[in-house]
Amino acid sequence: MEYTDIGTLKYLYLDEIEITNGTDADSFLIEATAKLLQQTGGRNWLPVIVKELSEDRYEVIGNSFVYAVAERAGLERIWCIIADGTEDARNISRVLAREETPKLNLSTASREEIKSALQFLIEQPNSPLKTIKLATATARIDEAPRQFWKSLDSIVALKCGITKGKGLDLLKTVFYLTPQSQQDAVIEEFSEETLKLKTVSELKTLAKEKGIVGLSKMKKAELVRILAQ
């Protein structure tokens, strides 16, 4: 199917539009917003994101709350932006509309990214992770050989306050893994003289690639000695 209207803003009839994944917003919010929309002219200045199914047929892929409000307000037509039909377009539309939480690849995430994601989870209402020590959990996860993990269950063994159950389940809402095979991993070898020329940060990165743990308190000399073995 050829898409010729991608990126176009269109004023579509509601009966041309289908919706599969509706909003989970409370009915009060939909009702109250629908009333406000009616009172202010009935134009949704925040467009719904749709993909084209066929000629004059569309499906909502983002801003489903706006669609639900327009439908409840009894609008005949709504403003929509036409996106392409790919899964990537659907995913980014839902993330941008805050209908889904973006996920971070824990196999390659930086320490700051891990810290930020954990902080986000800790601050969630009734979070089962509220009691974990952010700095400790961040350091242990960052220093672990997570590029080889096949499951987030490996975090439990780090003894950083995250246990199986609700805590680990919550973690899975923001992290995913793309594990590297240890057999396929190519780890470059360096001489002791070459290692001494590297920074502590570079040495710790090399150590993590080799699966060495307990790096947070290691000094440069100790890192060089272990890596040179």
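Residues numbered from 1 in each chain as written. Predicted model: local features only at pLDDT ≥ 70, side-chain atom pairs only at ≥ 80, totals over all residues. Heavy atoms only, no water.

## Overview of the UniProt feature "domain: Rho termination factor-like N-terminal" (unreviewed entry) in the protein
In step 1: Per the UniProt record, "domain: Rho termination factor-like N-terminal" (unreviewed entry) is annotated on residues 195–227.
In step 2: Across residues 195–227 one finds 61% helix and 0% strand; the C-alpha atoms that close the span lie 8 Å apart. (UniProt positions renumbered as here; feature names shortened; annotations may be inferred. Helix = DSSP H or I, 4+ residues; strand = E, 2+ residues; numbered from the N terminus.)

## Observations concerning the sheet that holds strand E5 (residues 77–83)
In step 1: Taken in spatial order, the five strands make up an open sheet running E1-E5-E3-E4-E2, and their pairing is mixed. Edge strands, defined here as strands with exactly one partner in the open sheet, are strand E1 (9–13) and strand E2 (17–19). The average undirected angle you get between the axes of adjacent strands in this sheet is 50 degrees.
In step 2: Two elements, E2 and strand E4 (residues 57–62), share three bridges in a ladder whose sense is parallel. Bridged to isoleucine 19 within E4 is valine 60.
In step 3: Together, strand E3 (48–54) and E4 form the strand contacts of helix H3 (residues 87–96), whose direction differs from that of E4 by roughly 50 degrees. (Pairing = 2+ DSSP bridges. Axes fitted to C-alpha atoms, helices over the stretch in contact; angles between N-to-C directions. Contact = heavy atoms within 4.5 Å.)

## A closer look at the packing of helix H4 (residues 111–122) against helix H5 (residues 134–143)
In step 1: Interhelical geometry of H4 versus H5 gives an angle of 135 degrees and a closest axis separation of 9 Å. Comparing their axes, H5 and H4 come out oblique. The hand of the H4/H5 crossing is right-handed. Residues Arg111, Ile114, Lys115, Leu118, Gln119 and Ile122 of H4 touch H5, and the partners they reach there are Leu134, Ala137, Thr138, Ala139, Ile141, Asp142 and Glu143.
In step 2: Split by residue class, the contact of H4 with H5 holds seven nonpolar, two polar and four charged. (Parallel < 35°, antiparallel > 145°, perpendicular 65-115°, else oblique. Left-handed = near helix turned anticlockwise from the far one by under 90°. Nonpolar A, V, L, I, M, F, W, Y, C, P; charged D, E, K, R; others polar.)

## What to know about the environment of lysine 159
In step 1: As for its position among the elements, lysine 159 is in the loop between H5 and helix H6 (166–171).
In step 2: Sequence separation of lysine 159 and threonine 136 is 23 residues, and the distance between their C-alpha atoms is 9.6 Å.

## A closer look at helix H2 (residues 64–72)
Each α-helix winds once per 3.6 residues, and so residues spaced three or four apart point in a common direction.
In step 1: When H2 is considered as a whole, its buried residues turn out to be Ser64, Val66, Tyr67, Ala68, Val69 and Ala70.
In step 2: Of the residues trailing H2, glycine 74 is marked for its positive phi of about 75 degrees. (Buried < 20%, exposed > 50% of the residue type's maximum accessible area, 1.4 Å probe, protein only.)

## Thoughts on the pattern of salt bridges
In step 1: Taken as a whole, this structure holds 12 salt bridges when the rule is applied.
In step 2: Between aspartate 5 and lysine 10 there is a salt bridge; the shortest N-O distance is 2.8 Å.
In step 3: Residue lysine 51 is joined to glutamate 59 by a salt bridge in which the shortest nitrogen-to-oxygen separation is 3.8 Å. Accessibility assignment for this pair places lysine 51 and glutamate 59 in one class, buried.
In step 4: A single salt-bridge network, built from bridges that share partners, covers Arg111, Asp142, Glu143 and Arg146. (Salt bridge = Lys/Arg side-chain N within 4 Å of Asp/Glu carboxyl O.)

## A few points about the nonpolar core
In step 1: Core analysis: the largest hydrophobic core is formed by 24 residues, its most contacted members being Leu106, Leu118, Leu129, Ile155, Ile162, Leu171 and Phe175.
In step 2: The set of elements that each furnish at least two residues to this core consists of H4, H5 and H6.
In step 3: When residues of this core are assigned to their parent elements, the largest contribution, five residues, is made by H4.
In step 4: Those residues in contact with leucine 129, other than ones at most four positions away along the chain, are Leu121, Ile122, Ile162, Gly167, Leu170 and Leu171.
In step 5: Counting 20 residues, the second largest nonpolar core, distinct from the first, contains Leu14, Val66, Leu75 and Ile78. (Core = buried A, V, L, I, M, F, W, Y, C linked by side-chain atoms within 4.5 Å.)

## Thoughts on the environment of glycine 165
In step 1: Locating glycine 165 in the fold gives a position in the loop between H5 and H6.
In step 2: C-alpha of glycine 165 to C-alpha of proline 128: the two residues are 37 residues apart in sequence and 9.2 Å apart in space.

## Considering the packing of helix H1 (residues 27–39) against H2
In step 1: Viewed as axis vectors pointing N to C, H1 and H2 meet at an angle of 65 degrees, and their least axial separation amounts to 8 Å. For H1 against H2, the interelement crossing comes out right-handed. Contacts between H1 and H2 involve Leu29, Ile30, Glu31, Thr33, Ala34 and Leu37 from the former and Phe65, Ala68, Val69, Ala70 and Arg72 from the latter.
In step 2: Classifying every residue of the contact of H1 with H2 by side-chain character gives eight nonpolar, one polar and two charged.

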